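Survey of secondary and tertiary structure
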Amino acid sequence: MVHAGMRVLHTSDWHLGHALKDVTREYEHARFLAWLLEICDREAVDAVVITGDVFDSSTPPASAERMWFDWVAAARRARPAMDIVAIAGNHDSPARLGAASAVLHELGVHVIGGFDRARFLIPIAGGRGLVAAVPFLRPIDLPVGVEITALYAEVMELARARRQPGQALIVTGHLYLAGADPTWTSERRISIGGQESASARMFPADISYVALGHMHRAQRVMRDTMRYAGAPIPLSLDEARNRHSVVLVDLVDGQPVVPRLVPIPRTIEIVRLGPAPLVEILAEIATLPDRVEPGPSSDASDAVDRTRPYLEVIVELARPEPRLRQTIETALDRKRARLVRLGVEHTGTGATLGDHAIAQRLAELDPRDVFRRCWAKVHEEAPSAEVIGAFERLLADVELAS
Ligand SMILES: [Mn+2]
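My aim in this report is to walk through the structure given alongside it, one point at a time. (Residues numbered from 1 in each chain as written. Predicted model: local features only at pLDDT ≥ 70, side-chain atom pairs only at ≥ 80, totals over all residues.)

1. Comments concerning helix α2 (residues 62-78)
What counts is decided by this rule: By definition, any uninterrupted DSSP run of H or I lasting at least four residues is a helix, any uninterrupted run of E lasting at least two residues is a strand, and each is numbered from the N terminus. Given a helix with a known number of residues, its expected span is that number minus one, times 1.5 Å. Residue pairs qualify as contacts under a 7 Å threshold applied to their C-beta atoms, which are placed from the backbone.
In this model, α2 (17 residues) spans 24 Å end to end at C-alpha, consistent with the 24 Å of a helix rising 1.5 Å per residue. Buried-residue contacts for α2 involve α1 (26-42) and β5 (83-87).

Spelled out as structure tokens, the structure:
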């Protein structure tokens, strides 16, 4: 019988190496990671669970990989007994994230790239907890005919067989669960109707805590102890209103106490103007704070410069305005905010409105429907199951790459 409490910190979707319309997020990530280390120390965290998308791409820049390894090293120094478990998300390369796993394992850091029956069960906090570390499941991880639900059923069977009485069981996943709210996240497009969509019911109630990644908005699913930790920074302008946090889960004799959210301070604000007519936009820009002149202390002025707000401007136009960008940029000349997106909404002729409507309808269509219609047009019959299967695999590849 294992007795004693433990504290787990759940975080997700860091997307190290991310750029917002060409602007690197390095400074925000560095600030978040420094803050995270402080929280681990202050809250005496026993284990950190990172549920995927450590990196923004399968080939992250060296600076992003360095940030990851530097953080792991700093965490080891600050809290030598703290376990770190990280799984790959759909953005990570399982091979690349897992490449250093043997070295990291020696340091008490468990990185799970691809699903591996032999090593996904990881005891943490001196055996007070057991993590079933299931990463994002690619079609290649699933034997032919085996669905995600069936694989998780097997995971649960193996985990229950290994679990000691009183030991907390934490199960991870990087997937979209039906019922989760993906509203306006940059993962929205790839998650709806994708192969990774699954039901929350595959996580039975004897799991102490279900640590989820993929949805960038922090949220609970079905119960308090099944959560998406959410991304630590907004990864698109549409995520501007998300509140970012990490989850602290206290487990006493394997039983969870209601999880606590710790809000993450936002390093860089996002300002969104419009859609509005140009005169209104210019009036709003005039009220924005002016740029601070660089002071003598280079460190302080560096921070001031790096934290300039991101600005999105959407202008309503009745007719094309070739000098629009120049007009906006001139108005922003002495302003602190930096323009990362200038969009236009046409309110003019029926033709442009019509184009707009068609583009919108296209975005709403399911690629499968489009494919079926195109196939039927050319071949005068519905595509066979084999052809649909091939298209699904192709679609999954494209979705993984995006
Ligand atoms: Mn993500």
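2. Some details on the nonpolar core
Under the convention used in this document: We define the nonpolar core as any set of buried residues of the types Ala, Val, Leu, Ile, Met, Phe, Trp, Tyr and Cys, connected via C-beta atoms lying within 7 Å of each other. Counting other C-beta atoms within 10 Å of each residue's C-beta, where C-beta atoms are placed from the backbone, gives the exposure class: buried for 20 or more, exposed for 12 or fewer, partly exposed between.
If you look at the biggest cluster of nonpolar residues, it comprises 72 residues, and the most contacted ones within it are Val8, Ala47, Val48, Val49, Ala132, Ile170 and Val171. Broken down by element, the residue count for this core peaks at five residues, all from α2. What Ala132 contacts, discounting residues up to four positions off in sequence, is Phe120, Leu121, Val155, Ala159, Leu169, Val171 and Thr172. Grouped together as the second largest cluster of nonpolar side chains are eight residues, Tyr310, Leu311, Val315 and Ala337 included.

3. Points about the sheet that holds strand β9 (residues 168-174)
The pairing of strands in a sheet happens through backbone hydrogen bonds and is either parallel or antiparallel. The condition that has to hold: Only strands that DSSP links by at least two bridges are regarded as paired with each other. Axis geometry follows a simple rule: fit a line to the C-alpha atoms, using only the stretch in contact for helices, then measure angles between N-to-C directions, giving values from 0 to 180 degrees.
Here we have six strands laid out as an open sheet, ordered β7-β8-β9-β12-β14-β13, and mixed in their pairing. Unpaired on one side and paired on the other, β7 (121-124) and β13 (219-221) mark the two borders of the sheet. Averaged over all adjacent pairs, the angle separating strand axes in this sheet is 30°, with direction ignored. With four bridges joining them, β7 and strand β8 (residues 129-132) adopt antiparallel strand pairing. Bridge pairing in β8 links Leu121 to Ala132. Here helix α5 (residues 148-162) sits on the sheet in contact with β7, β8 and β9, set at roughly 160° to β8.

4. Overview of the environment of Asp238
One can find Asp238 in the loop between β14 (223-228) and β15 (245-252). On the basis of neighbour count, Asp238 is assigned to the partly exposed category, with 17 C-beta atoms found within 10 Å. Considering only alpha carbons, one finds Asp238 and Arg272, 34 residues apart in sequence, at a separation of 9.6 Å.

5. Observations concerning the packing of α1 against α2
Think of two packed helices as two axes; the pair is described by the angle between the axes and how far apart they sit. To be explicit about the condition: In these notes the angle categories are as follows: under 35 degrees is roughly parallel, over 145 is roughly antiparallel, 65 to 115 is roughly perpendicular, and the rest is oblique. The sense of a crossing depends on the near helix, which, turned anticlockwise from the far helix by less than a right angle, makes the crossing left-handed and, turned clockwise, makes it right-handed. Amino acids outside the nonpolar list (Ala, Val, Leu, Ile, Met, Phe, Trp, Tyr, Cys, Pro) and the charged list (Asp, Glu, Lys, Arg) are all regarded as polar, and Gly is one of them.
At a closest axis distance of 11 Å, the pairing of α1 and α2 adopts a crossing angle of 15°. With respect to their mutual orientation, α1 and α2 come out roughly parallel. Helix-helix and strand crossings are classified by hand; for α1 and α2 the assignment is right-handed. For the pair α1 and α2, the contacting residues are Glu26, His29, Ala30, Leu33, Leu37, Cys40 and Asp41 in the first and Ser63, Met67, Trp71, Ala74, Ala75 and Ala78 in the second. Its residues placed into classes, the contact of α1 with α2 shows nine nonpolar, two polar and two charged.

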